[in-house]
Amino acid sequence: MREGLVVNIGRLRLKNPVMAASGTFGYAEEFKHFIDLKKLGAIVTKTITLKPRVGNPPPRTCETPAGLLNSIGLENPGIDRFIDEKIPFIKSLGVPLIVSIASEGGVEEFVSLAKRLDRVKEVSAIELNISCPNIKNSPQSTVYSLQKNNGQLISQDAKATYEVVKMARKATRKTLITKLSPNVTDITEIAQAAQDGGSDCLALINTLMGMSVDVRTRKPKIAMVTAGLSGPAVRPVALRMVWEVYKKVKIPIIGMGGITDTESVLEFFIAGASAIAVGTANFINPRTMIEIISGLEKYLARNRIKDIKELIGSLKI
Amino acid sequence: MKPFQITAKIISNKNIKNNYFEIVLLAPQIARNALPGQFVNIKTSEGFEPLLRRPLSIHRIGRQSRVASLESKEGKEIIMLYEVLGKGTQILSQRMQGEFLDVIGPLGNGFNCYPLSAIRYPPILIAGGMGTAPLVFLAERLVHSPQSIVHRKPLVLIGARSESHILCEKEFKELGCEVKIATDDGSRGFKGYVSSLLTEILSTVNCQPSTIYACGPKLLLKEISRISLEQNIPAQLSLESHMACGIGACMGCVIKVKSKKAKGKIDDEYKRVCKEGPVFEAREIAWE
Ligand SMILES: Cc1cc2nc3c(=O)[nH]c(=O)nc-3n(C[C@H](O)[C@H](O)[C@H](O)COP(=O)(O)OP(=O)(O)OC[C@H]3O[C@@H](n4cnc5c(N)ncnc54)[C@H](O)[C@@H]3O)c2cc1C
Ligand SMILES: Cc1cc2nc3c(=O)[nH]c(=O)nc-3n(C[C@H](O)[C@H](O)[C@H](O)COP(=O)(O)O)c2cc1C
Ligand code: FES
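Residues numbered from 1 in each chain as written. Chains lettered and ligands numbered in written order. Predicted model: local features only at pLDDT ≥ 70, side-chain atom pairs only at ≥ 80, totals over all residues.

So, on to the overall build of chain A. A tally of regular secondary structure across chain A gives nine helices and 16 strands. For 317 residues, the compact-globule formula gives about 20 Å, and the C-alpha radius of gyration of chain A, at 18 Å, lands near that figure. Here the C-alpha coordinates of chain A stretch approximately 55 × 50 × 45 Å along the principal axes. Buried positions account for 55% of the 317 residues belonging to chain A. Excluding contacts between residues fewer than 6 apart, the proportion of contacts in chain A whose partners are at least 24 apart in sequence is 72%. (Helix = DSSP H or I, 4+ residues; strand = E, 2+ residues; numbered from the N terminus. Rg over C-alpha atoms; globule rule 2.2 N^0.38 Å. Buried ≥ 20, exposed ≤ 12 C-beta atoms within 10 Å, placed from the backbone. Contact = placed C-beta atoms within 7 Å.)

What follows is the structure, given as structure tokens:
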């Protein structure tokens, strides 16, 4: 049955379509005591920037109905230490490594990061995080000049998305994934721009902007006031966006947002995803991805489906 | 210390006083590996409400259950003491004996039980409110361990709102610890905060305590930190923060620590309470 779970993302072949979402799986090592990491389809690491980032002041997380708000602010050790300290462990697993990158400044930072990673043979693909709601682009940056106002995300502007993807595309021959934000009026416009820029694949969704207030103190529950919502609460929104994008673009979609079990994965496939990522559910049950992989195998066997790819976009309307 | 994700049977779960509960779980792997100051992360409900696990300190290792006594003397149960505050602890308090809970642990670093300075003088343990929970486990280790190098039994200071909120006085006394009490309303012992009691004790005793171990509300820990630095007594403080994963993956539970970077220029630096903590040395914490 195993063969039935194989999927392709750009030139990348995954033994199964189940991967860890950026920022929710650390650098994989954090989960080594809980699951057999070798079984995963791929591992997407926490978004890396050129220089180390200390991240946002706490409190950084808070729980909401069936959801989680976070404003970590991309705390990460920077590309150099990432390559030296984090890659060796992941390499030892033999699981495709997808490195998520973001820029604190202009589009040049995406280019230098992509160039740098292009030379690292352990890296299977690069994911452009142009959708993190928890960092603000500085007004001086080139990216800013591509945008209307400060604080706007690249993935909230089709033209900026196109520029960044195009430049990154020139910088690497590795499979390029573009991660989209749901905080937009029409996500298909942005998806189209990423495809036009040369992205091999799309990942959606990143977190939805939200907030929560402690009514006793009248203070926001997150120090940065607003934060990104994830978890089961966002699943219907994510699914709707995957469906909309699937109808509009040709490149494969990695679907995510509130996936907790096999059934939610099947929903994403039927709506048009070619692979899926598990985020917040890793915190609740570290075994989620492993349970999903065996759940998918059982589902295919039970329903006599030879290849999971048959499900992609099979929504009946 | 390798953590485990296990399905643990509830041996008992009972209300001890006010809204304080004690839960005993059969969790041999965790019991065998746990250190004082470490915690477990419990899924209180089966569904998504609440979504996240709830962290609770390991209060003691239990050796009660028949399963344990049949096989060996080794403790097979972990015991947690908790206060019902919100949704998660409310649901936990309703879980019944015989049911199973999804538990991850032991997590975090735990107290350093044998700091070198302990060779000369006894330590002081300071418990504020629910912070008493992990200190009983610590006191047991300090008193019972065959390698114990603590010459005198620890002095324990318990702080509570009122007499009826005092926790674990009996347990500490049974271990041979000297216990002093402070209550906010003066209904028992010293009237005022347990940090003021500490100041009073430090001004009267002739020997300095080797180490201060403390757990409790943030403001209390901040005050103890100040006193310990002023008097040059090493202090290990167990901190809390909101946790999403509890296993070091999300970077959500951080506290600010003093940066070791170049003098003069002080940058913010953060450490994870769930991984590098929950126990921190007083001198490394950058209080807000
Ligand atoms: C390492 C660690 C060890 C802990 N050990 C114990 C223990 O041994 N016994 C015990 O009773 N409690 C302990 N706590 C606190 C306990 O985790 C919280 O009280 C619990 O998560 C509250 O959950 P709830 O759903 O009942 O309340 P919520 O509805 O989540 O909140 C109720 C109230 O509790 C506060 N709260 C929520 N989460 C936390 C938290 N992580 N830390 C502090 N306050 C919080 C909220 O701000 C709110 O005021 C520990 C916390 C940590 C981080
Ligand atoms: C704590 C936390 C940190 C995250 N960090 C990142 C990040 O660094 N880069 C990124 O692209 N997405 C990040 N995300 C978003 C997730 O990768 C994912 O897109 C989102 O959480 C939706 O999936 P979920 O509902 O399964 O969590 C983070 C999410 C959480 C909860
Ligand atoms: S709670 Fe996730 S890193 Fe500490």
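Structure shown, so let's carry the discussion forward.
To continue, consider the confidence of the model for chain A. On average, chain A scores 93 in pLDDT, and the residues at 70 or more come to 94%. Every residue in residues 137-149 of chain A is under pLDDT 50, and counting partners more than four places away or in other chains gives 24 contacts. (pLDDT = per-residue confidence, 0-100.)

Another aspect to go through is the site of ligand 2. Near ligand 2, the surroundings consist of 30 residues, among which Ala 21, Gly 23, Ser 230, Gly 279 and Thr 280 of chain A are the closest. Bordering ligand 2 are residues originating from chains A and B. For the shell around ligand 2, the residue count by class is 12 nonpolar, 16 polar and two charged. (Near = placed C-beta within 6 Å. Nonpolar A, V, L, I, M, F, W, Y, C, P; charged D, E, K, R; others polar.)

Before going further, it helps to examine the site of ligand 1. Residue and element names in this part refer to chain B. Lining the immediate environment of ligand 1, one finds 22 residues, of which Ser 57, Tyr 82, Gly 86, Gly 88 and Thr 89 sit closest. At the level of elements, β4 (54-57), β6 (77-83) and α3 (87-94) are the ones that each hand at least two residues to the shell around ligand 1. Its residues assigned to classes, the shell around ligand 1 comprises 12 nonpolar, six polar and four charged. When residues of the shell around ligand 1 are sorted by domain, at least three fall in each of domain 1 (4-107) and domain 3 (240-288). (Domains from an automatic or database assignment.)

Here the focus is the packing of helix α7 (residues 262-271) of chain A against helix α9 (residues 288-302) of chain A. Each pair of packed helices gets described by two things: the angle between the helix axes and the distance between those axes. Residue and element names in this part refer to chain A. Between α7 and α9, the least distance of the axes is 9 Å, while the angle of their chain directions is 65 degrees. Compared by their axis directions, α7 and α9 come out roughly perpendicular. The two elements α7 and α9 meet at a crossing, and its hand is right-handed. On α9, the residues touching Thr 262, Val 265 and Leu 266 of α7 are Ile 292, Gly 295, Leu 296 and Tyr 299. In terms of residue class, the contact of α7 with α9 is made up of five nonpolar, two polar and no charged. (Axes fitted to C-alpha atoms, helices over the stretch in contact; angles between N-to-C directions. Parallel < 35°, antiparallel > 145°, perpendicular 65-115°, else oblique. Left-handed = near helix turned anticlockwise from the far one by under 90°.)

For the rest of this paragraph, the subject is the interface of chain A and chain B. At the interface, 28 residues of chain A touch 26 residues of chain B. Elements with a minimum of two residues in the side of chain A that touches chain B: β5 (61-64), β6 (67-70) and α8 (281-284) of chain A.

What follows deals with the pairing of strand β9 (residues 175-179) of chain A. All names here are of chain A. A large share of β9 lies buried, amounting to five of its five residues. When strand β8 (residues 123-129) meets β9, the two strands line up parallel, connected through five bridges. Within β9, the residue paired with Ile 126 across the bridge is Leu 176. Handedness of the crossover is the feature at issue here: the chain leaves β9, passes through helix α5 (residues 187-197), returns alongside strand β10 (residues 201-204), and the resulting connection is right-handed. (Pairing = 2+ DSSP bridges. Right-handed = clockwise from strand over helix to strand, strands pointing away.)

So, on to the domain arrangement of chain B. Residue and element names in this part refer to chain B. Annotation of chain B at the domain level lists domain 1 (4-107), domain 2 (116-238) and domain 3 (240-288). Each partner contributes residues to the interface: domain 1 has 12 residues there, and domain 2 has 12 residues. At the level of elements, β5 (60-62) and β6 are the ones that each hand at least two residues to the side of domain 1 that touches domain 2. Grouping the amino acids of the side of domain 1 that touches domain 2 by side-chain chemistry returns five nonpolar, four polar and three charged.

What follows is about unusual backbone geometry. In the segment running from Glu 49 of chain B into Pro 50 of chain B, the intervening peptide bond is cis, with an omega of -5 degrees. Structurally, Pro 50 of chain B is set in the loop between β3 (39-43) and β4. Geometrically, the link from Gly 105 of chain B to Pro 106 of chain B is a cis peptide bond, its omega value of -5 degrees lying close to zero. The residue Pro 106 of chain B is located in strand β7 (residues 100-107) in this model. In this model, Leu 74 of chain A sits at a positive phi of 50 degrees, which is unusual for a non-glycine residue. Relative to the helices and strands, Leu 74 of chain A is located in the loop between β6 and α1 (78-93). Of the residues examined, Leu 74 of chain A has 22 C-beta atoms within 10 Å and is grouped as buried. Phi at Cys 168 of chain B is positive, roughly 65 degrees, even though this residue is not glycine. In this structure, Cys 168 of chain B sits in the loop between β9 (155-160) and α5 (169-174). By C-beta crowding, Cys 168 of chain B is classed as buried, having 22 other C-beta atoms within 10 Å.

Residues and elements named next belong to chain A. Taken N-terminus to C-terminus, the directions of α5 and helix α6 (residues 235-248) make an angle of 50 degrees; their axes are 9 Å apart at the nearest point. Relative to α6, α5 is oriented oblique. Considering only the axes of α5 and α6, their crossing is right-handed. Taking contact as the criterion, the partners of Ile 187, Thr 188, Ala 191 and Gln 192 in α5 are, on α6, Met 241, Glu 244, Val 245 and Lys 248. Considered class by class, the residues forming the contact of α5 with α6 number four nonpolar, two polar and two charged.

With that settled, the discussion passes to α9 of chain A. Residues and elements named next belong to chain A. Compared with the 21 Å implied by 1.5 Å per residue over 15 residues, the 21 Å span of α9 between its first and last C-alpha is a close match. Those residues of α9 lying buried are Thr 288, Met 289, Ile 292, Ile 293 and Leu 296. Axial view of α9: buried residues confined to an arc of 135 degrees, hence all on one face. Away from its buried face by more than 90 degrees, α9 exposes Ser 294, Lys 298, Ala 301 and Arg 302. Those residues of α9 that are buried lie in contact with β3 (18-20), α7, β16 (275-278) and α8. Arg 304 lies just past α9 and shows a positive phi near 50 degrees. (Expected span 1.5 Å × (residues − 1). Arc of directions from axis to C-beta.)

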